[in-house]
Amino acid sequence: MPLVPTLDLLHGAVAAHTGVAAFNVIHLETAEALVAAAEESRRPVILQISQNCAQYHGALEPIARGALALASESSAHVAVHLDHAENAALTRRAIDLGFGSVMFDGSKLPYDANVEATMRVVEYAHANDVSVEAELGEIGGKDGAHAPGVRTDPAEARRFVAETGVDALAVAVGSSHAMTERTAQLDLGLIGSLRHAVPVPLVLHGSSGVADETIEAAIRAGITKVNVSTHLNRFFTAAIRAYLGANPDVVDSRRYVREGRTAVAAEAARLMTLFDVATRTPEATETTRR
């Protein structure tokens, strides 16, 4: 199936009052797992490649081309998105490669500088039919910059979206990146206020630290795109540790990496079902939790 524009998935989810899974690609095996999960669950997925991921692979192109090929060959609805790019040149490279959306993260900049830089990214992206996600407020966990009291202000969010023309907005409502415990407390009232304040889909970053029932409540309150990375990485690593513990003499890396890929596919499929709150009865909701 041809690559699906990210904005099509977001607008479809908004109309259906449900959430869309946006999962980070770390290497080719996780991309394979996420596409397999989308096919198994028969739900869409957004494959996210971050600036950090591109740096790990030495450049954006190798991992991007692999993810784009997997997406275009899949029977599922798959979009490819650039995540947390602080470098505007990287957003242009992703757009030229065929990504359906890019996230420019200017949240560390002063407000006016964030607006100016984001506007330049939006101009190039929209000229190429690519959508843009931006961030307003501080979502912790990046380089140790976590301020628990920081939240996105609805009035400022409305102004930011109007001034920049972005297509989706990542908001700070209590989550934090790279959490390994699912204990984050979200401000559901603030999510509702933000949903009414801005005309674009809202994005929840740092969802790995948020419990299932809280993610569901956040989606019902107005979150559309749900980003997950660390949570799935834990499943990948745990499966490999277990395999190596049981098979200490193995030397073929495909044997244990396969276990990690399988574990990620299973958990990703479960999360996709969890996020699709509009299609489930209360009884079905309970069966998706773990």
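Further up the page is the structure itself.
Residues numbered from 1 in each chain as written. Predicted model: local features only at pLDDT ≥ 70, side-chain atom pairs only at ≥ 80, totals over all residues. Heavy atoms only, no water.

Let's talk about the nonpolar core
- By size, the foremost hydrophobic cluster in this structure holds 78 residues, and its most contacted members are Phe-23, Leu-47, Ile-49, Leu-60, Phe-99 and Phe-275.
- Filtering out sequence-adjacent residues up to four positions away, Leu-60 remains in contact with Ile-49, Ala-54, Leu-82, Leu-90, Arg-93, Ala-94, Leu-97 and Phe-99. (Core = buried A, V, L, I, M, F, W, Y, C linked by side-chain atoms within 4.5 Å. Buried < 20%, exposed > 50% of the residue type's maximum accessible area, 1.4 Å probe, protein only. Contact = heavy atoms within 4.5 Å.)

A short note on the side chain of Ser-131
- Position of Ser-131 relative to the elements: it lies in strand 5 (residues 131-136).
- On the basis of relative accessibility, which here comes to 7%, the residue Ser-131 falls in the buried class.
- Residues in contact with Ser-131, not counting those within four places in the same chain, are Thr-6, Leu-7, Gly-100, Ser-101, Val-102 and Asp-167. (Helix = DSSP H or I, 4+ residues; strand = E, 2+ residues; numbered from the N terminus.)

Describing the packing of helix 7 (residues 154-164) against helix 8 (residues 188-197)
- Two elements in contact, helix 7 and helix 8, have axes whose closest approach is 9 Å; the angle formed by their N-to-C orientations is 35°. Here helix 7 runs over helix 8; the crossing is right-handed. Of helix 8, the residues touching helix 7 (which contributes Pro-154, Ala-157 and Arg-158) are Leu-190, Ser-193, Leu-194 and Ala-197.
- Classifying every residue of the contact of helix 7 with helix 8 by side-chain character gives 5 nonpolar, 1 polar and 1 charged. (Axes fitted to C-alpha atoms, helices over the stretch in contact; angles between N-to-C directions. Left-handed = near helix turned anticlockwise from the far one by under 90°. Nonpolar A, V, L, I, M, F, W, Y, C, P; charged D, E, K, R; others polar.)

Comments concerning the sheet that holds strand 8 (residues 223-228)
- Strand order in the closed barrel formed by 8 strands is 1-2-3-4-5-6-7-8, with parallel pairing between adjacent strands. Within this sheet the neighbouring strands show an average axis-to-axis angle of 25°, counted without direction.
- Relative to strand 3 (residues 78-85), strand 2 (residues 45-50) runs parallel, the two being bridged by 6 bridges. Note that in strand 3 the partner of Gln-48 across the bridge is His-81.
- Across the sheet, helix 11 (residues 253-275) lies against strand 1 (20-24), strand 2 and strand 8, angled at about 150° from strand 1, the strand it touches most. (Pairing = 2+ DSSP bridges.)

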